[in-house]
Amino acid sequence: MTTVLEAAGLGKQYGRRWALQDCSFKVPEGKVVGLVGPNGAGKTTLLHLAVGLLAPTAGTISVLGERAGDDPTQLGRVGFVAQDTPLYGGLSVAKHLRMGAFLNPSWDDELAQSRIEQLGLDPRQRAGSLSGGQRAQLALTLATAKRPELLLLDEPVASLDPLARREFLQGLMEVVAKHEVSVVLSSHLVADLERVCDYLVVLVASHVELSGDVSELLASHRRLSGPRRDPDSLPESQEVIEESHTDRQSTLLVRTDDPILDPAWTVQPVTMEDLVLAYMSRARDAVPRRRPKLGVLR
Amino acid sequence: MIRFAWMQSRTQALVAFGGLVVVAVVVAVTGPHLVHLYDTSVATCQARGDCQTATTAFLNEDHTLGVWLGVLVVAVPGILGVFWGAPLVARELETGSFRLAWTQSVSRKRWLAVKLGVVGLAALAVAGLLSLMATWWSSPIDRVNLNLFGVFDQRDIVPVGYAAFAFVLGVAAGVVIRRTLPAMATTLAAFVACRLAFNHWIRPHLIAPVVRNFALSIGGFGSTNGGPFTLIPNPPGIPNAWIISVQIRDRAGGGLANQYLQKVCPNLGQPPAPGTGGIPGGGVGARVAPGGANGLQECGVKLSAMFHEVVTYQPANRYWTFQWYELAIYLVASLILAGVCIWWVRRRLS
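These numbers were taken from a predicted model, which means no experiment stands behind them.

K.L.:
For this particular structure, what's the right way to read the overall build of chain B?
P.N.:
For chain B, the count of helices and strands is eleven helices and five strands. In terms of overall size, chain B is more extended than a compact globule, its C-alpha atoms giving a radius of gyration of 26 Å where 350 residues would be expected to give roughly 20 Å. By the burial criterion, 34% of the 350 residues in chain B qualify as buried.

K.L.:
What is the right way to read the interface of chain B and chain A from this model?
P.N.:
Where the parts come together, the accessible area they lose is often given as the size of the interface. Chain B puts 18 residues into the contact, and the matching count from chain A is 23 residues. Those elements that place two or more of their residues in the side of chain B that touches chain A are helix H1 (2-42) and helix H5 (98-101) of chain B. At three residues, the largest contribution of residues to the side of chain B that touches chain A is made by H1(B). Broken down by class, the residue content of the side of chain B that touches chain A amounts to six nonpolar, eight polar and four charged.

K.L.:
What should I look at first to understand the packing of helix H7 (residues 158-177) of chain B against helix H11 (residues 319-348) of chain B in this one?
P.N.:
Packed helix pairs are specified by the crossing angle of their axes together with the interaxial distance, meaning the distance between the axes. Residues and elements named next belong to chain B. Contact geometry of H7 with H11 gives a least axis separation of 8 Å together with a crossing angle of 20 degrees. Relative to H11, the element H7 is oriented roughly parallel. Relative to H11, H7 is oriented so that their crossing is left-handed. Residues that form the contact of H7 with H11 fall into these classes: 21 nonpolar, three polar and one charged.

K.L.:
Help me understand the domain arrangement of chain B, please; the structure alone is not making it clear to me.
P.N.:
All names here are of chain B. When cut into domains, chain B gives domain 1 (2-206 + 318-348) and domain 2 (210-317). In this complex, domain 1 contributes seven residues to the contact, which on the side of domain 2 involves eight residues. Its residues placed into classes, the side of domain 1 that touches domain 2 shows five nonpolar, one polar and one charged.

K.L.:
Looking at this structure, I do not really get the domain arrangement of chain A. What am I missing?
P.N.:
Residues and elements named next belong to chain A. What the domain assignment reports for chain A is domain 1 (3-215) and domain 2 (220-284). Listing elements by their share of the side of domain 1 that touches domain 2, those giving two or more residues are helix H7 (190-196), strand E9 (199-204) and strand E10 (207-213). Here the side of domain 1 that touches domain 2 gets four residues from one element, more than from any other, and that element is H7. In the side of domain 1 that touches domain 2, the residues fall into eleven nonpolar, one polar and two charged.

K.L.:
Sorry if this is basic, but what is going on with the sheet that holds strand E6 (residues 78-81) of chain A here?
P.N.:
To summarise the sheet geometry, strands pair through backbone hydrogen bonds and adopt either a parallel or an antiparallel arrangement. Residue and element names in this part refer to chain A. As summarised here, the arrangement of the six strands in space is E6-E7-E8-E3-E9-E10, forming an open sheet in which the pairing is mixed. With one partner strand each, in any of the chains shown, E6 and E10 form the two edges of the open sheet. Averaged over all neighbouring strand pairs, the angle between strand axes comes to 15 degrees, with direction disregarded. Pairing of strand E7 (residues 150-154) with strand E8 (residues 182-187) involves five bridges; the strand directions are parallel. Paired with leucine 153 across the strands is leucine 185, a residue of E8. Packing against the sheet, helix H1 (residues 43-50) makes contact with strand E3 (32-36), E7, E8 and E9, and its axis sits at approximately 150 degrees to E7. In this fold helix H5 (residues 132-145) packs onto E6 and E7, with an angle of close to 170 degrees to the strand it touches most, E6.

K.L.:
What is the right way to read the confidence of the model for chain B from this model?
P.N.:
Detailed reading of the predicted model is not advised wherever pLDDT is low. All names here are of chain B. Averaged over every residue, the pLDDT of chain B is 85; the share at 70 or more is 90%. The spread of mean pLDDT over the elements of chain B runs between helix H10 (residues 292-304), the lowest at 70, and H7, the highest at 96. With a pTM of 0.87, the predicted complex shows an ipTM of 0.87.

K.L.:
What exactly am I supposed to notice about the sheet that holds strand E2 (residues 17-28) of chain A here?
P.N.:
Residue and element names in this part refer to chain A. Pairing is antiparallel in the open sheet, where four strands are placed in the order E2-E1-E4-E5. The open sheet terminates on both sides in strands that have one partner only, identified here as E2 and strand E5 (66-67). By the bridge criterion, two bridges tie strand E4 (residues 58-63) to E5 in an arrangement that is antiparallel. Bridging across to E5, valine 63 finds its partner in glutamate 66.

K.L.:
Just checking my understanding: could you explain the nonpolar core for this structure?
P.N.:
All names here are of chain B. One finds Ala123 and Ala163 to be the most contacted residues of the largest nonpolar core, which totals 143 residues. Once residues lying within four places of it in the same chain are set aside, the contact partners of alanine 163 are Pro77, Leu80, Ala123, Leu124, Val126 and Ala127. Judged by nonpolar contacts, the second largest core, of eleven residues, contains Leu216, Ile218, Leu231 and Leu261.

K.L.:
Mind showing me how you'd approach the pairing of E9(A) here?
P.N.:
Along any regular strand the residues' side chains alternate between the sheet's two faces. Residues and elements named next belong to chain A. Where burial is concerned, most of E9 is hidden: six out of the six residues are buried. Pairing between E9 and E10: six bridges, direction antiparallel. The residue bridging valine 202 from the neighbouring strand is leucine 210, located in E10. Here E9 folds back onto E10 in antiparallel fashion, the turn holding two residues, of which alanine 205 has a positive phi close to 45 degrees.

K.L.:
Would you explain helix H4 (residues 109-119) of chain A in this entry?
P.N.:
Each turn of an α-helix holds 3.6 residues, which means side chains three or four residues apart point in the same direction. Residue and element names in this part refer to chain A. Listed as buried for H4 are Ala112, Arg115 and Ile116. Viewed along the axis of H4, the buried residues span an arc of 100 degrees, placing them on a single side of the element. With respect to the buried face of H4, the exposed residues turned more than 90 degrees away are Glu110, Glu117 and Gln118. Elements that come into contact with the buried residues of H4 comprise helix H3 (93-103) and H5. Just downstream of H4 lies glycine 120, where phi reads positive at about 75 degrees.

K.L.:
For this particular structure, what's the right way to read unusual backbone geometry?
P.N.:
What is expected of a backbone is that most residues other than glycine have negative phi and most peptide bonds are trans. Residue and element names in this part refer to chain A. Phi angles above zero are rare outside glycine, and aspartate 22 is one such case at about 50 degrees. With respect to the secondary-structure elements, aspartate 22 resides in strand E2. At arginine 147, a residue that is not glycine, the phi angle is positive and equals roughly 50 degrees. Among the structural elements, arginine 147 can be located in the loop between H5 and E7. Taking the C-beta count within 10 Å as the criterion, arginine 147 has 16 such neighbours and is therefore assigned partly exposed.

Cut-offs used in this document
Residues numbered from 1 in each chain as written. Chains lettered and ligands numbered in written order. Predicted model: local features only at pLDDT ≥ 70, side-chain atom pairs only at ≥ 80, totals over all residues. Helix = DSSP H or I, 4+ residues; strand = E, 2+ residues; numbered from the N terminus. Rg over C-alpha atoms; globule rule 2.2 N^0.38 Å. Buried ≥ 20, exposed ≤ 12 C-beta atoms within 10 Å, placed from the backbone. Contact = placed C-beta atoms within 7 Å. Nonpolar A, V, L, I, M, F, W, Y, C, P; charged D, E, K, R; others polar. Axes fitted to C-alpha atoms, helices over the stretch in contact; angles between N-to-C directions. Parallel < 35°, antiparallel > 145°, perpendicular 65-115°, else oblique. Left-handed = near helix turned anticlockwise from the far one by under 90°. Domains from an automatic or database assignment. Pairing = 2+ DSSP bridges. pLDDT = per-residue confidence, 0-100. Core = buried A, V, L, I, M, F, W, Y, C linked by C-beta atoms within 7 Å. Arc of directions from axis to C-beta.

What follows is the structure, encoded as structure tokens:
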């Protein structure tokens, strides 16, 4: 399996603060990868490292088998839509396309023109007066028409209204279907990722908490509910990710490849949102819980 | 990349071009008149014997326009640095569009090098054309004034060097400060400081000046900048020379002691009477002593038997050497600064 993105011990330091530290993971080819994590987890830093905007302080990151960096060939293989989709406010839509043609030897002008037409954008309109959704679509067009092997998108839909968000993701899916491009899409909006992603990477405090095929991940996790029970009494093959208890009932989210045999449990499938939230809160609570040092004997 | 750099800077290039056209029209309308006036009045004044009136009348003609043209040539490099140089990278960093620009299939080094090249060459062209027009327009005036070094930085090729330096200085300020407005302010301050420092500390030392003895000519008696009262020598009339200093010396090289001066010219040195005016060429704060100009003249005649003037100066034929030296220094400094910008954008901004 070829990897499109591979990080090993990757770290980036700003002054004394580490924005990303000791980050290692692999992303296989041909997937639409959702990179999820809370704000400040290092998603943007990670994508900037991947596209050569930043240089790592520690470790390595390779993209499409080559070390990421500020190299024209490598830059040509990766399309990037940055957060808040920066464009030149004073230049028209048509001039943005000409910029793309000037700066990318692999530019596909037919693709760019047809996408602009399809989106109903006026080529003479200045980018500064476009709506948020149109800006994002133009940025996606620019990134796509250079015919990259990998598309990196940093929170492209975060600031869009639901309709524009859906249209953007539809556009993205069309691109993926037509051009067989791998995609890494960062977001903290899990519901949006659920629609488009088939691979998930959960990044919390610069550590990868979970990564894998969405279908496999969904198949290997179960929500169990039943009479109150100590999670430590579960079989070894069932890893408890999240637990919540009331006086009489326990609800657990477990990871297991085996079927659940215990008839006491009501077994339910999990959604992607359940998974992401469970892993994110587990990482947050990873600090050892304080327990009373002295128990009172009765 | 060149075409993209041109696309981005086309508006400002058109504005600059428009400004040049306006200046060209003004210069083309008034210039021939000035040449004609020179040919008919100053050039033939010796035959008529009214050179004093002719030159005064000639220099008064279009005096204001000449001053403003000079101010423009001095100011335009700074303006280019502030409005073209400083925002070049700073605006991209400020608006975030660098994330779009640096992820196209062009390395950052090439991106900046081409932008520096395209906009920088445009800045050089603007300053060069402006200086060319100012130099042509002022040439009859310069022929009358005979003070080429006095307008050294408004003429010929040095404005091109200033423009290159101001532009790259602006880019560097933008790259380091990363915000447009502070970078613009810094550019202006740093450019003015560099120009002044160069004029005071570097230009006088580029070539060792000529030191020559001239016959003593007394310009006045007074004090310069609040110093003690003494005789102020008149600089000799060397056309187009840059007079650096004029000192009164005797044959052995000694100065003119005040006691000796009192002895030879006893009616000098009394406190100046109220109501006496300054003497032209006498320096700042120079005042006529009692006895007036006649007393001075007498004194000068008495002293010239023993004393002479030692004049330190740069002769007129070094004018172009100075122009080329200064241009070369500013251009080399610009290239070094451009290298620093590229290094900074590649290394420090990632």
